[in-house]
Amino acid sequence: MAKEYISFSLSINPLAVNHYYTKANIFFLEGRFEEAIKIIEKGLNIAPQYSILLELKVACAIQLNDSSKLPKSIPDSLQALKSISDFMLNRDIDRTVLQSFLDDYNSSNNHLLLSWDVYALVKSNELGSAMTLIESKVKECHGNIINLEYDPFLKSLHPSVEFLDILSKRTF
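Residues numbered from 1 in each chain as written. Predicted model: local features only at pLDDT ≥ 70, side-chain atom pairs only at ≥ 80, totals over all residues. Heavy atoms only, no water.

Undergrad: For this particular structure, what's the right way to read the overall build of the protein chain?
TA: Looking only at helices and strands, one finds nine helices and zero strands in the protein chain. The helix and strand sequence of the protein chain, counted from the amino end, reads α-α-α-α-α-α-α-α-α. Computed over its C-alpha atoms, the radius of gyration of the protein chain comes to 16 Å, within 12% of the 16 Å expected for a compact globule of 172 residues. Expressed as lengths along the three principal axes of its C-alpha atoms, the size of the protein chain is roughly 45 × 35 × 25 Å. Classification of the 172 residues of the protein chain by burial places 44% in the buried group. For the protein chain, contacts bridging at least 24 residues in sequence account for 52% of all contacts bridging at least 6. (Helix = DSSP H or I, 4+ residues; strand = E, 2+ residues; numbered from the N terminus. Rg over C-alpha atoms; globule rule 2.2 N^0.38 Å. Buried < 20%, exposed > 50% of the residue type's maximum accessible area, 1.4 Å probe, protein only. Contact = heavy atoms within 4.5 Å.)

Here it is in C-alpha cells:
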C-alpha cells in the first residue's frame, strides 16, 4: 500500500526528491536493492548531493557487495560515507580495524540516518556489543533504529530471542 501511495505522490510531483527516498527505502527494506538504486538514481538526477539518497545508495551497494554501485561523487560534508563503504566492503576485518572505524565514526559529527555503528558490529560478528548498542538506542528512542525488524543489515539478528525481546520493549 505504501508503494502505491508514494508512486501516486511522485506522479503528482515528480520533483519531490524526498518521495524518491521514501520509495527507494521501501525497496531497500524489502531487500530489493537493485530496484532501490534505480529509484535513488532518479532522485539524484534532480538533487545530486541529496544526503539521504547518497547514504541509501551506499547501503544498497554494500548489501549487493558491489563497489561499482557506490555513488560516483560524495560531497565533503558526507565523507563519513566513504569510510563506511570502505569498512563495510572490506572482507578482512579484525578488532583493530573495527575499533578504528568505531572511534572515527563516533568522533565524527555525522548526521547520517542509518545505524552504521551497529552494522559494523554485526558485520564483525560482535553480536553482543551490537545488541547492547541497539538496546541503548531503543531506550533513547533513536529514529535510525525504527525499522529494526526489517533492516537487511540486521537480518542475522532477527531470529534471536534477545533481539525479539528488545523489539518488544520499543515504545515507538
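Alright, that's what it looks like, and here's the rest.
Undergrad: Please clarify how unusual backbone geometry should be interpreted in this entry.
TA: Working note: non-glycine residues mostly have negative phi, and peptide bonds are mostly trans. Here the phi dihedral of N65 falls at roughly 55°; this positive angle occurs in a residue that is not glycine. Residue placement: N65 occurs in the loop between α4 (51–64) and α5 (80–88). Relative accessible area serves as the criterion here: at 40%, N65 is assigned to the partly exposed category. The backbone phi angle of N125 is positive, close to 65°, even though this residue is not glycine.

Undergrad: Would you mind showing me how to read the side chain of S85 here?
TA: Positionally, S85 belongs in helix α5. What S85 contacts, discounting residues up to four positions off in sequence, is V58, I62 and L70.

Undergrad: Would you take a moment to explain the packing of helix α1 (residues 2–12) against helix α2 (residues 17–29) for this structure?
TA: The description of two helices packed together rests on the angle between their axes and the distance between the axes. The N-to-C vectors of α1 and α2 enclose an angle of 155°; their axes lie 9 Å apart at closest approach. When the interaxial angle is binned, α1 and α2 end up roughly antiparallel. Here α1 and α2 pass one another in a crossing that is left-handed. Residues A2, K3, I6, S7, S9 and L10 of α1 lie in contact with α2, whose contacting residues are H19, Y20, T22, K23, I26 and F27. Here the residues of the contact of α1 with α2 sort into six nonpolar, four polar and two charged. (Axes fitted to C-alpha atoms, helices over the stretch in contact; angles between N-to-C directions. Parallel < 35°, antiparallel > 145°, perpendicular 65-115°, else oblique. Left-handed = near helix turned anticlockwise from the far one by under 90°. Nonpolar A, V, L, I, M, F, W, Y, C, P; charged D, E, K, R; others polar.)

Undergrad: Quick question: what am I supposed to make of the environment of L44 here?
TA: Note that L44 resides in helix α3 (residues 33–46). L44 sits 73 residues away from D117 along the chain, and the two C-alpha atoms are 26 Å apart. Non-local contacts of L44, meaning those with residues more than four positions away in its chain, are made with Y50, L53, L54 and K57.

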